[in-house]
Amino acid sequence: MRGLKVKAISKSSNNVEIVSEVTATFLPGCITALIGPNGAGKTTLFHLITGELQPDHGDIFYKDEKITGLPPYRIARKGIGRLFQDVRIFDNMTVLENVLAACLTPEQESPFFSFFHPAKWHACRKHNLDKALYWLNFVGLQDKRDQSASSLSFGQQKLLAIARLLAGEFNVLLLDEPTAGLNPVMIKKVLDILERIIAEDREKTVVLVEHNMKVVTEMAYWVYFMNEGRIAFFGRTDHVLGDKEVREIYLGL
Ligand SMILES: Nc1ncnc2c1ncn2[C@@H]1O[C@H](COP(=O)(O)OP(=O)(O)O)[C@@H](O)[C@H]1O
Ligand SMILES: [Mg+2]
């Protein structure tokens with residue numbers, strides 16, 4: 001199995017089950033949407049996958065390797081990255097520095113690296129600069145590279161957070177409402193970026209939490225519909241969103 005699989009995972013908080021027996025597979029080469037009302041447990045499911053929360057029951061596999069119980073940094077190193085619902089960037093750094101910081105490998109982050117391996121350090125710096133500029137260009141922020149990140153609009157900050165995620169070279173991208181709060185022009189930019197991510201690298205697995213059903217229809221091949229901690233429906237997007245029960249009860253259409 002090439003993708004990410006969660007198998008019967010559950011999580012309770014104060015005796016309330018927030019995620020209940022969720023089983024789902026996220027495959028590379030396409031976008032899978034995770035939809036459902038507020039409080040359904042979507043963000044919690046992401047916390048469980050990235051190791052910020054531990055499941056009470058069940059397991060998580062990436063490329064058939066069990067990753068349940070690993071700390072977040074080890075799960076990240078396996079290639080699982082996440083875009084947070086709130087934008088997380090370094091306000092006091094420039095746009096370019098923000099992306100450069102995301103390019104650093106654990107080895108390069110060590111303060112001893114530049115001291116003991118000066119030649120290698122210079123080569124890495126050049127490589128990281130090229131990489132950072134590539135991803136800034138990819139999201140269309142190359143003209144802003146020397147501006148402070150705090151000077152960007154909310155939408156541009158979201159693009160910067162996406163550039164940081166991409167610079168981290170994760171193979172699984174968990175995107176928690178990447179279009180929330182954006183104006184239509186910015187939403188289009190984000191969707192265009194997502195399409196290019198999949199088109200340029202068929203190994204990328206993208207999981208998209210999204211409330212806008214038009215966006216889901218346009219972007220996602222598979223849909224998981226979550227409600228009260230459980231997967232209520234799963235299938236191809238046209239099937240799930242075309243289902244009478246989903247439309248009437250959950251989407252109010
Ligand atoms: N830190 C927390 N402690 C206790 N309950 C929480 C916490 N975070 C979320 N919840 C509860 O878990 C449920 C699922 O929340 P969440 O995963 O954020 O849903 P979604 O992302 O689908 O809107 C909600 O009922 C919420 O109140
Ligand atoms: Mg959420």
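How each quantity is defined
- Residues numbered from 1 in each chain as written.
- Chains lettered and ligands numbered in written order.
- Predicted model: local features only at pLDDT ≥ 70, side-chain atom pairs only at ≥ 80, totals over all residues.
- Pairing = 2+ DSSP bridges.
- Helix = DSSP H or I, 4+ residues; strand = E, 2+ residues; numbered from the N terminus.
- Axes fitted to C-alpha atoms, helices over the stretch in contact; angles between N-to-C directions.
- Contact = placed C-beta atoms within 7 Å.
- Domains from an automatic or database assignment.
- Nonpolar A, V, L, I, M, F, W, Y, C, P; charged D, E, K, R; others polar.
- Buried ≥ 20, exposed ≤ 12 C-beta atoms within 10 Å, placed from the backbone.

## Observations regarding the sheet that holds strand 10 (residues 230–236)
Move 1: The strand order across the open sheet formed by six strands is 6-7-8-3-9-10, and the pairing between neighbours is mixed. Unpaired on one side and paired on the other, strand 6 (80–83) and strand 10 mark the two borders of the sheet. Averaged over all neighbouring strand pairs, the angle between strand axes comes to 20°, with direction disregarded.
Move 2: Note that strand 3 (residues 31–35) and strand 9 (residues 222–227) share four bridges and pair parallel. Of the residues in strand 9, the one forming a bridge with Thr32 is Trp222.
Move 3: Those strands touched by helix 1 (residues 42–50) are strand 3, strand 6, strand 7 (172–176), strand 8 (205–209) and strand 9, and its axis lies near 150° from that of strand 7.

## Focus on the domain arrangement of the protein chain
How big an interface is tends to be stated in terms of accessible area lost as the parts join.
Move 1: By domain assignment, the protein chain separates into domain 1 (1–79 + 170–253) and domain 2 (92–169).
Move 2: Computed from C-alpha atoms alone, the centre-to-centre distance between domain 1 and domain 2 is 27 Å.
Move 3: Of the residues belonging to the side of domain 1 that touches domain 2, the class tally is seven nonpolar, two polar and one charged.

## Brief notes about the environment of Asn171
Move 1: As for its position among the elements, Asn171 is in the loop between helix 7 (154–167) and strand 7.
Move 2: Among the residues examined, Asn171 registers 18 C-beta atoms within 10 Å and is labelled partly exposed.
Move 3: With 160 residues separating them in the primary sequence, Asn171 and Lys11 have C-alpha atoms 25 Å apart.
Move 4: Setting aside its immediate chain neighbours within four residues, Asn171 contacts Gly79, Glu203, Lys204 and Thr205.

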